[in-house]
Amino acid sequence: MNRRHWLAHLSLAGGISLPLFSAGRSALAWQNPAGAPPPPPSGGKHKITDVCTILTAPAGIRLVVVKVLTSQPGLFGLGCATFTQRPRVVATAVDEYLKPFLIGKDPTQIEDIWQSAWLSSYWRNGPVLNNALSGVDMALWDILGKRAGLPLYQLFGGKCRKAVDTYRHARGDSLEAVEASVRNFQSQGYRHIRVQIGVPGLATYGAGGRLDDAAARDNSRVETWEPKTYCRLVPRLFEHLRTKLGDEVELLHDVHERVPPILAMQLVKDLEPYRPYFVEDPFSPEDIGYFEHLRKATTTPIAMGELFNSRHEWLDLVSRRLIDFIRVHISQIGGLTMARKMAAMCELFAVRTAWHGPGDVSPVGHAANIHLDLAVPNFGIQEAREFSAAEQEVFPGCPVLKEGYYWVGDGPGLGIDLDERAAAKFPIKDDPPFDYSWGNLRLKDGTVTKP
Ligand code: GCO
Ligand code: MG
């Protein structure tokens, strides 16, 4: 078989991890009758010629997008590498470290590039390096799809569903305000709605923050939080919503890890009679040992994972069936290559996917989420958001929301573009260089607490 056919075989494999290069000669005989050694992993005709990051904030949130260019004129890929709290560090990891490692390599060798880039820093698994790797990884999948002329969901095995069911965020400062917000989403066709209620006088996650001292220096503006009132209020919110809205609507809630574990256990138990679709992040990654106790205490479905980086954080939770939804930020775990493996493993343990999809996932990252959502059998739900006019200008081909479902086009690859000129109109703000509210949430006595 000549070299061209060899490459065609690789493309057809669509990135499926066939052990082509580790197999012995006899295993390869059917493909390579002449007995010539297979080309090395970087032996393809097309090469990576450049890798760069684009930092942009069309919706005011700092986004990091990676672009991988190839020797084939006009063929490039895009990937999301957004770690909004530290965007410039990710850009450095891509521009200064991954780029030189990747130039000249074959962009179709996605698995090999993932494995080697991951090991290329020796120390691995952090949010910076994983996001950088993800930007490259998604871009390589995008390139593969464009070369094949197929949308990514097709390369992942084809659609398991017509579109992707989503949830949106309802919020308010009173029971009635949250109810009105839920009704508003229902009237737009949403069936799943996350509900968050503000605790009067406290900076409550998901319900509008309260800055205590707007006159203070940026880096010392404290927000105040105490968990007990919140833990009493949320079950009352669910009771109110079930009474007013009935049983059909699926209600979700995000604890955002900001409650001491034993209070979170009580809260999740107290919500059980109102049948939440899931309760998210009841514990922080540091308190992971509590999940087995929670499982014994309640049948409320649990979603977890947006802060996870490493497989060591989720393997045990999944294989011991301690959670129901895996909710990682795909770029945080290293991109689509790792997320596909995670989804496959979760499928075997009846854990469903609910990829993280807030404002600090770029439209490119949302497109990646959706392609995977379409193709995995164990899809659960997708956190969604509307894209502003500015975002649509910067990212032509943004996913579309219709009647509560996310849709992507059937263009090749991720099916989304980046207009670099438009992106330049929305530079990321360096003053202040990041959002100081992280790390400044404190209890009334001044003790710092999880955000
Ligand atoms: C969610 C999240 C986010 C995070 C944010 C941090 O469930 O959507 O908890 O809103 O707070 O992504 O940067
Ligand atoms: Mg969350």
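Above this text you will find the structure in question.
Everything quoted here is computed from the prediction, not taken from an experiment. (Residues numbered from 1 in each chain as written. Chains lettered and ligands numbered in written order. Predicted model: local features only at pLDDT ≥ 70, side-chain atom pairs only at ≥ 80, totals over all residues.)

Caption draft 1: Structural context of the packing of helix H4 (residues 110-119) against helix H5 (residues 127-148). Axis separation between H4 and H5 bottoms out at 10 Å; the angle between their running directions is 170 degrees. Taken as axis vectors, H4 and H5 run roughly antiparallel relative to one another. Taking contact as the criterion, the partners of Ile-110, Ile-113, Trp-114, Ala-117 and Trp-118 in H4 are, on H5, Leu-133, Val-136, Asp-137, Leu-140, Trp-141 and Leu-144. Partitioning the contact of H4 with H5 into residue classes produces 10 nonpolar, no polar and one charged. (Axes fitted to C-alpha atoms, helices over the stretch in contact; angles between N-to-C directions. Helix = DSSP H or I, 4+ residues; strand = E, 2+ residues; numbered from the N terminus. Parallel < 35°, antiparallel > 145°, perpendicular 65-115°, else oblique. Contact = placed C-beta atoms within 7 Å. Nonpolar A, V, L, I, M, F, W, Y, C, P; charged D, E, K, R; others polar.)

Caption draft 2: How the structure looks around the pairing of strand E5 (residues 192-197). The buried fraction of E5 amounts to six of the six residues, a majority that puts the element mostly inside the structure. The alternating pattern of E5 places His-192, Arg-194 and Gln-196 and Ile-193, Val-195 and Ile-197 on opposite faces, both of which are buried. As judged from the six bridges shared by strand E4 (residues 164-172) and E5, these two strands associate in the parallel manner. Looking at the pairing, His-169 lines up with Arg-194 of E5. Taking the sense of rotation as the criterion, the β-α-β connection linking E4, helix H7 (residues 175-187) and E5 turns out right-handed. Alignment of E5 against strand E7 (residues 250-254), held across three bridges, turns out to be parallel. (Buried ≥ 20, exposed ≤ 12 C-beta atoms within 10 Å, placed from the backbone. Pairing = 2+ DSSP bridges. Right-handed = clockwise from strand over helix to strand, strands pointing away.)

Caption draft 3: Quick peek at the environment of Gly-158. Here Gly-158 lies in the loop between helix H6 (152-155) and E4. With 11 C-beta atoms packed within 10 Å, Gly-158 lands in the exposed category. A sequence separation of 217 residues divides Gly-158 from Ala-375, and the C-alpha atoms of the two residues are 5.5 Å apart. Discounting residues that sit within four places of it in the chain, Gly-158 has contacts with Tyr-153 and Ala-375.

Caption draft 4: Looking closely at the site of ligand 1. In the neighbourhood of ligand 1, the contacting residues comprise Thr-84, Asp-254, His-256, Glu-306, Pro-358, Asp-360 and Glu-383. Split into classes, the residues belonging to the shell around ligand 1 amount to one nonpolar, two polar and four charged. (Near = placed C-beta within 6 Å.)

Caption draft 5: The pairing of E7, seen in detail. Most of E7 sits inside the fold, with four of its five residues counted as buried. Pairing of E7 with strand E8 (residues 278-280), which is carried by three bridges, proceeds in the parallel orientation. Within E8, the residue paired with His-253 across the bridge is Val-279. Taking the sense of rotation as the criterion, the β-α-β connection linking E7, helix H9 (residues 261-271) and E8 turns out right-handed.

Caption draft 6: Molecular detail of the sheet that holds strand E1 (residues 48-56). Read across the sheet, three strands follow the order E1-E2-E3 without closing on themselves; strand pairing throughout is antiparallel. The open sheet has two free edges, formed respectively by E1 and strand E3 (76-80), since each of these has just one partner strand. Neighbour to neighbour, the strand axes of the sheet diverge by 20 degrees on average, direction disregarded. Summarising the sheet, strand E2 (residues 63-70) and E3 pair through five bridges and their orientation is antiparallel. Residue pairing in the sheet places Val-66 in a bridge with Gly-79 of E3. Its contacts with the sheet place helix H3 (residues 87-102) against E1 and E2, and it is angled at close to 175 degrees to E1. Of the strands in this sheet, E1, E2 and E3 touch H5, which is tilted by about 140 degrees from E3.

Caption draft 7: Just H3, in detail. The largest bend along H3 measures about 30 degrees and falls at Val-94. Listed in full, the buried residues belonging to H3 are Pro-87, Val-90, Ala-91, Ala-93, Val-94, Leu-98 and Leu-102. Residues of H3 that are buried make contact with E1, E2, H4 and H5. Gly-104 occupies a position one or two residues after H3 and carries a positive phi of about 90 degrees. (Bend = angle between axes of the 7 residues up to and from the residue.)

Caption draft 8: Seen up close, the nonpolar core. In terms of nonpolar packing, the biggest core is built from 114 residues, with Val-68, Val-136, Ile-323, Ile-326 and Val-364 touching the most fellow members. Broken down by element, the residue count for this core peaks at 10 residues, all from H5. Taken together, domain 1 (3-151) and domain 2 (164-411) each give at least three residues to this core, which thus spans both. Contact partners of Val-364, with chain neighbours within four places excluded, come to Val-65, Leu-78, Gly-79, Cys-80, Met-138, Phe-395, Leu-414 and Ile-416. (Core = buried A, V, L, I, M, F, W, Y, C linked by C-beta atoms within 7 Å. Domains from an automatic or database assignment.)

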